[in-house]
Amino acid sequence: MRQHGGISMATEGDVELELETETSGPERPPEKPRKHDSGAADLERVTDYAEEKEIQSSNLETAMSVIGDRRSREQKAKQEREKELAKVTIKKEDLELIMTEMEISRAAAERSLREHMGNVVEALIALTN
């Protein structure tokens, strides 16, 4: 561009430049940073996590077998305890006394009496505490 008396005048080269920019089509906004690049890193973390979980699954199987064994032992102990309690003889009058005085079900009164070997006083004390 030339300046002529304070007015800038376009030269031939300048006009061509302007025409080229006009004919190049609509201006595109500057490209945004791609979010997919961070997605690759996230995917990498997920696969690492999955691999760690696969390694730990063997530990999980071992823990589950230990828990299963413990549950079966507890179940056997509970069944043995129930058999022992079933052997305890209780009086019908004692059972009815506890049911009426404590206002509890027959099963709860019977359980309490059996746990205290048929002793009414101990069963009542345990129920009141």
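- As annotated in an unreviewed UniProt entry, the protein carries the name Huntingtin interacting protein K and is attributed to Panthera leo.

Details of the overall build of the protein
Step number 1: Helix and strand counts for the protein stand at 5 helices and 2 strands.
Step number 2: Of the regular secondary structure in the protein, the N- to C-terminal order runs β-β-α-α-α-α-α.
Step number 3: Counting only carbon and sulfur atoms, one obtains 53% of the accessible surface of the protein, whose full area is about 11,600 Å².

Overview of the nonpolar core
Step number 1: Leu95, Ile98, Ala109, Leu113, Val120 and Ala123 together form the largest nonpolar core, which totals 6 residues.
Step number 2: Looking at this core, the elements with two or more residues in it are helix 3 (92–102), helix 4 (106–115) and helix 5 (120–128).
Step number 3: Contacts of leucine 95, omitting those with residues within four sequence positions, involve Arg106, Ala109, Glu110 and Leu113.

What about helix 3?
Step number 1: Residues of helix 3 that are buried: Asp94, Leu95 and Ile98. Each buried residue of helix 3 lies within a common arc of 100° when the element is viewed along its axis, so the set occupies one face. Facing away from the buried side of helix 3, by more than 90 degrees, are the exposed residues Lys92, Glu93 and Thr100.
Step number 2: Where the residues of helix 3 are buried, they touch helix 4 and helix 5.
Step number 3: The first or second residue beyond helix 3 is glutamate 103, which carries a positive phi of 55°.

The rules behind each value
Residues numbered from 1 in each chain as written. Predicted model: local features only at pLDDT ≥ 70, side-chain atom pairs only at ≥ 80, totals over all residues. Heavy atoms only, no water. Helix = DSSP H or I, 4+ residues; strand = E, 2+ residues; numbered from the N terminus. Areas by Shrake-Rupley, 256 points an atom, 1.4 Å probe, with all protein chains shown as cover. Core = buried A, V, L, I, M, F, W, Y, C linked by side-chain atoms within 4.5 Å. Buried < 20%, exposed > 50% of the residue type's maximum accessible area, 1.4 Å probe, protein only. Contact = heavy atoms within 4.5 Å. Arc of directions from axis to C-beta.

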